[in-house]
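Chains, contacts and geometry: an overview
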Amino acid sequence: LRGSHNSSHIVSGLSPSYVSQYQNHDYRTVILLLDHHVMEKHHDAKIDRCQGVEFDAIVPDEHGVTFFFKGDHMWTGFHGDAALLNHTYKELSHTNAAFRMHHPDSADHDHVFFFQGDKVFSYYQHKLEEGYPKNIPEVFPGIPNHLDAAVECPKGECVADSVLFFKDNKVYQFDTRNKEVMLRQWSHLPNCTAAMRWLEHYYCFHGHNFTRFHPVTGAIVGNYPKDTRNYFMRCAKFGHGSNDTERERCSHVHLDAITSDDLGKAYAFRGNFYLRLSDRQTDGWHAFPISSTWKEIEGDVDAAFSYDGKLYIIKGEQLFIYKSGADYALIEGNPKPLKDELGIEGPIDAAFVCGDHDVVHVIKGRKMYDINLNATPRTVQKDALLPFPRVDAGMCGPDGVKVFVGAHYFRYKSPMLLSHSRIRPHPQRISLELLGCDH
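Residues numbered from 1 in each chain as written. Predicted model: local features only at pLDDT ≥ 70, side-chain atom pairs only at ≥ 80, totals over all residues. Heavy atoms only, no water.

The protein chain is annotated in an unreviewed UniProt entry as Hemopexin from Pygocentrus nattereri. Within the UniProt record for the protein chain, the comment given under Sequence similarities (unreviewed entry) is "Belongs to the hemopexin family." The annotation that UniProt attaches to the protein chain under Function (unreviewed entry) is "Binds heme and transports it to the liver for breakdown and iron recovery, after which the free hemopexin returns to the circulation." (UniProt positions renumbered as here; feature names shortened; annotations may be inferred.)

Below, the structure written as structure tokens:
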């Protein structure tokens, strides 16, 4: 290294024995060898997200697996060690922002877009699409360079299929159909270094905390900020999970029932347990015995749905109606015979209500029966044949109807399309896409 003006900097921190082995080499060769050594050390230095990480981006791929990014490292799913980013996305050295496109009528649907400085990269199945990278304005006109975060917002949650781009305290809402941009000033929201859509909720990540916000108004929803390590990853000294949660959440056994109540809490029932998602538990689903919340019910259930501030649970020939609230109270006179209350005999396979509609859609065998909950007496008004020999569970939300069959679910835009379609949509894994497992 004699004659190199950078020699003291290069050998800093290296042992004399390590340096001495190169003493007879040309200094340019030594610099290359030492650079390789430093890079190896860097690659071996795994970042521990449980120490508190300010993420650069968080995004699911087309299979629903969630990836977390920091510098040139990334994590797959909600637990596990860091890996080098370019082992999965070989053209990327880092990323400023990322999102998965939701645009069903476009060839870019389900593609994952990464932003790096003034460039955008489009990937599908972890392969860079031809022609990329491109300048950001070429693909997203009106969107600035050097973004902080991005997140998709499907129609129904936003007015139209959109992407929210964050830079400083400005939010650029990009309409994916007409490519129009609406600028919003959400100064009350922390500067987001990453953003994420999770089960129709939206989260801004800042430092090692996160804040839930409304995608249209930007209003903060609930008591925030909260520590990311308690909710979006499994860390030894954080969180509120259990062995029951890990087993039930990542099981490939079919669900018995699934619903969400008027307070925004979602419940998935399987065997003697239920999985709960609420605003306080945004990393998803935590398992509890059914009897711990609904003490009158023993064992598994057949179906569940919410209507008019009440939770309806069906088991065999009986219907249990609970008043929704912080705690569920069985309404006096319950349980009642299913036939008396809904005009249909059990056992049934699934039931769901869409939004503030008054019709409960009951699935039994290969048929779906529509029952008007405002009618007296309640009777079946019409039925339709379904493209499934059997359904395990069903639910309806802003993104349509989900039908659960075995380890998969199928999404339809409406009950009518479910009843008239003879072609099944692409199946999605319950454990991956809905419950946030790695497998």
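1. Topic: the overall build of the protein chain
Each helix and strand in the protein chain was counted, giving nine helices and 34 strands. Among the 439 residues that make up the protein chain, the fraction classed as buried is 49%. Taking contacts inside the protein chain between residues at least 6 apart in sequence as the whole, the part at least 24 apart equals 42%. As presented, the protein chain carries roughly 20700 Å² of accessible surface, and 49% of it is formed by carbon and sulfur atoms. (Helix = DSSP H or I, 4+ residues; strand = E, 2+ residues; numbered from the N terminus. Buried < 20%, exposed > 50% of the residue type's maximum accessible area, 1.4 Å probe, protein only. Contact = heavy atoms within 4.5 Å. Areas by Shrake-Rupley, 256 points an atom, 1.4 Å probe, with all protein chains shown as cover.)

2. Focus on the state of the cysteines
A full pass over the atoms with the stated rule returns three disulfides. Disulfide pairing places Cys192 opposite Cys204 at an S-S distance of 2.1 Å. Taking the sign of the torsion about the S-S bond as the criterion, the disulfide between Cys192 and Cys204, at about -110 degrees, is left-handed. One end of the pair, Cys192, is in the loop between β13 (181-185) and β14 (194-198); the other, Cys204, is in strand β15 (residues 201-206), and 12 residues separate them in sequence. Exposure remark for Cys192: the relative accessible area of 2% places this residue in the buried category. One disulfide bridge connects Cys354 with Cys396, the sulfur atoms lying 2.1 Å from each other. (Disulfide = S-S within 2.5 Å.)

3. Describing the sheet that holds strand β32 (residues 400-405)
Taking strand neighbours across the sheet as the criterion, the four strands line up as β31-β32-β33-β34 in an open arrangement whose pairing is antiparallel. Since the sheet does not close on itself, it has two edges, and those belong to β31 (393-397) and β34 (428-429), each with one partner. (Pairing = 2+ DSSP bridges.)

4. Let's talk about the side chain of Asp175
Position of Asp175 relative to the elements: it lies in strand β12 (residues 170-175). For the buried Asp175, no salt bridge is present, and the opposite-charge side chain at shortest range is Arg177, 5.7 Å distant. Only 3.4 Å separates the side chain of Asp175 from the backbone nitrogen of Asn178, close enough to count as a polar contact. (Lys, Arg positive; Asp, Glu negative; His and termini not counted. Salt bridge = Lys/Arg side-chain N within 4 Å of Asp/Glu carboxyl O. Polar contact = N/O pair within 3.5 Å; in protein donor to acceptor, adjacent residues only side chain to side chain.)

5. Some details on the sheet that holds strand β16 (residues 209-213)
Taking strand neighbours across the sheet as the criterion, the four strands line up as β14-β15-β16-β17 in an open arrangement whose pairing is antiparallel. The sheet terminates laterally at β14 and β17 (226-227), the two strands that pair on one side only.

6. Observations concerning the pattern of salt bridges
Evaluated as defined, the whole model comprises 14 salt bridges. Between Asp349 and Arg390 there is a salt bridge, and its shortest N-O distance comes to 3.0 Å. Here the residue Asp349 occupies a position in the loop between α7 (338-342) and β27 (350-353), and Arg390 occupies one in the loop between β30 (380-385) and β31, the gap between them amounting to 41 residues. Accessibility expressed as a relative area gives 11% for Asp349, which makes it buried. We classify Arg390 as partly exposed; its relative accessible area is 49%. Salt bridges here are not isolated pairs; linked through shared partners, they connect Arg100, Asp110 and Glu433.

7. Notes on the side chain of Glu433
Tracing the sequence through the fold places Glu433 in helix α9 (residues 430-434). Only 3.4 Å separates the side chain of Glu433 from the side chain of Arg100, close enough to count as a polar contact. In contact with Glu433, not counting residues within four places along its chain, are His63, Gly64, Arg100, Tyr409 and Gln428.

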